[in-house]
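# Residue-level structural notes
Here is how the chains run, residue by residue.
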Amino acid sequence: MIPFGYTRPADEAAALHAGATSGVAFIAGGTGMVDLMRLGVETPATLVDLNALPWTKIEKTAEGSLSIGALVKNSDLAWHPEVRSRYPVLAEALLAGASPQLRNMATVGGNLLQRTRCAYFRDIGVSACNKRTPGSGCAALNGDFVRMHAILGGSEHCIALHPSDMCVALVALDAVVHVRGPRGDRAVPVGEFHVVPGAHPEVESVLSRGELVTGITLPPAPFGARSAYVKVRDRASYAFALASAAASLHLDNGFVRDVRVALGGVATKPWRSQEAEQSLRGQRPSHALFERAAAAALKDARTRPGNEFKVPLAQRVLVRALERAGGIA
Ligand SMILES: Cc1cc2nc3c(=O)[nH]c(=O)nc-3n(C[C@H](O)[C@H](O)[C@H](O)COP(=O)(O)OP(=O)(O)OC[C@H]3O[C@@H](n4cnc5c(N)ncnc54)[C@H](O)[C@@H]3O)c2cc1C
Ligand code: SF4
């Protein structure tokens, strides 16, 4: 057991103050952090518990957006009437993630910042891992257990998946992440919040040290209402995605006026496919059109022996999500 300090700040100012020290880590639901501390992957000197902060509300804004606090539980968000009616893709993605017990603990902020499930990352002291120990190498690149690893957005330094279901839906909804830090507030489009590994797999998002996610905003329709999330996994009870897709369509007179497409389970970050979106705009929805869009979305995929199956799987999953969102399935 590695000793660590614990503090539960009563307000935002105290949380920001506590978070500014090196060796400090934030904890919300704890479903990811406690796991990684048990494995010795995370070894914070002090845990800053965010649970006394007031970011627990889901509220409509004057402009018609939906504002969601960072500490809202995944289950509460999934079952909220506004989410179910206006943003079904988000409700479906949340309910496809983890188990009911985990969803009751997991929070919006924690889900956004959950770390990869790469088996080598979690295997301390045995496997090289650039994400865990920068510069140590990547055991996955020539490893046997790459069935789950990324085929999009990887680098020669890391091919680990971003495992979140929720974030894939947020990308298809053009959500905005609200961040507060020692130098003030900023709003980051969710598609720009996570970063691909490149030469620095240890950097996973645009958050700087001491910055907190305070919440997210979902913009008003037209994207939300016609949307769907499809996930394929190894077992129905709970498992991370082998491939998933979120699609959100704005149809006008039977034609695709605008569209958002995002993939999960296949990429190093929640993956928006501009290629697929471009091939869909202005077209009349059909199975053949959706197949062309799915081919475009996966055209840059780079597989390894053991995860080649993800290309056709992700294509089929995306076709299915588009058909459901477009109302032709
Ligand atoms: C067995 C199992 C199965 C799972 N299956 C799935 C699945 O199928 N799909 C899926 O999407 N997820 C799955 N998960 C992951 C789960 O969704 C995440 O663990 C959870 O969402 C994390 O939320 P949390 O509040 O518990 O975060 P914590 O564990 O408390 O924190 C996670 C990270 O976020 C940081 N953090 C938390 N809140 C903030 C904040 N407001 N600002 C800044 N940093 C913050 C913490 O410092 C930490 O680094 C699974 C987890 C387990 C254990
Ligand atoms: S894929 Fe990334 S997380 Fe996994 S071992 Fe390689 S560097 Fe580490």
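Just so it is clear, the structure is predicted and the values come from calculations on it, not from any experiment. (Residues numbered from 1 in each chain as written. Chains lettered and ligands numbered in written order. Predicted model: local features only at pLDDT ≥ 70, side-chain atom pairs only at ≥ 80, totals over all residues. Heavy atoms only, no water.)

The secondary structure content of the protein amounts to 12 helices and 12 strands. Relative to a compact globule of 329 residues, whose C-alpha radius of gyration would be 20 Å, the protein shows 19 Å and is just as compact. Once the C-alpha set of the protein is aligned to its principal axes, its extents read approximately 60 × 50 × 35 Å. Across the 329 residues in the protein, those meeting the buried criterion constitute 51%. As displayed, the protein has an accessible area near 14600 Å², and 53% of this comes from carbon and sulfur atoms. Taking the 36 positively charged and 29 negatively charged side chains of the protein as two groups, their mean positions are separated by 3 Å. (Helix = DSSP H or I, 4+ residues; strand = E, 2+ residues; numbered from the N terminus. Rg over C-alpha atoms; globule rule 2.2 N^0.38 Å. Buried < 20%, exposed > 50% of the residue type's maximum accessible area, 1.4 Å probe, protein only. Areas by Shrake-Rupley, 256 points an atom, 1.4 Å probe, with all protein chains shown as cover. Lys, Arg positive; Asp, Glu negative; His and termini not counted. Charge placed at Lys NZ, Arg CZ, Asp CG, Glu CD.)

On to the sheet that holds strand β11 (residues 255-264). An order of β9-β10-β11-β12 is seen for the four strands of this open sheet, with the pairing classed as antiparallel. Edge positions in the open sheet fall to β9 (227-233) and β12 (271-272), since each of these has one partner strand only. The pairing of β9 with strand β10 (residues 241-252) spans seven bridges and is classified as antiparallel. Note on β10: the bridge partner recorded for V230 is A245. Strands β9, β10 and β11 of the sheet are contacted by helix α12 (residues 310-326), whose axis makes an angle of about 35 degrees with β10. (Pairing = 2+ DSSP bridges. Contact = heavy atoms within 4.5 Å. Axes fitted to C-alpha atoms, helices over the stretch in contact; angles between N-to-C directions.)

Moving on: the sheet that holds strand β4 (residues 58-60). Note on sheets: strands pair through backbone hydrogen bonds, and any given pair is parallel or antiparallel. Reading across from one edge, β4-β5-β8-β6-β7 is the order of the five strands in this open sheet, with antiparallel pairing throughout. Where the open sheet ends on each side, the last strands, each with one partner, are β4 and β7 (184-189). Adjacent strand axes in the sheet meet at a mean angle of 25 degrees, parallel and antiparallel pairs treated alike. Both strand β6 (residues 176-181) and β7 contribute to a ladder of six bridges, which runs antiparallel. Directly across from G181, in β7, lies its bridge partner G184.

Before going further, it helps to spend a moment on the environment of K60. Topologically, K60 is positioned in strand β4. Residue K60 is classed as exposed on the basis of its relative accessible area, which comes to 57%. Between the alpha carbons of K60 and L218 there is a distance of 9.6 Å; along the sequence they are 158 residues apart. When near neighbours in sequence (up to four residues on either side) are disregarded, K60 contacts S65, L66, E82 and R86.

Quick look at the environment of F290 now. Within the element layout of this structure, F290 appears in helix α11 (residues 287-297). Taking the C-alpha atoms as reference points, F290 and V195, separated by 95 residues in sequence, lie 27 Å from one another. Among residues more than four places away in sequence, those in contact with F290 are L280, P285, V319, L322, E323 and I328.

Attention shifts here to α12. The terminal C-alpha atoms of α12 lie 24 Å apart, and with 17 residues this matches the ideal 24 Å at 1.5 Å per residue to within 8%. With 12 of 17 residues buried, α12 is to be regarded as a mostly interior element. Listed as buried for α12 are K310, V311, L313, A314, V317, L318, V319, A321, L322, E323, A325 and G326. At its buried positions, α12 is contacted by β9, β10, β11, α10 (274-280) and α11. G327 sits one or two positions beyond α12 and adopts a positive phi of about 70 degrees. (Expected span 1.5 Å × (residues − 1).)

Here we take up the UniProt feature "domain: FAD-binding PCMH-type" (unreviewed entry) in the protein. Taking the numbering used here, the UniProt-annotated feature "domain: FAD-binding PCMH-type" (unreviewed entry) corresponds to residues 1-223. Helix makes up 25% of residues 1-223 and strand 17%, and the two end C-alpha atoms of the span are 48 Å apart. (UniProt positions renumbered as here; feature names shortened; annotations may be inferred.)

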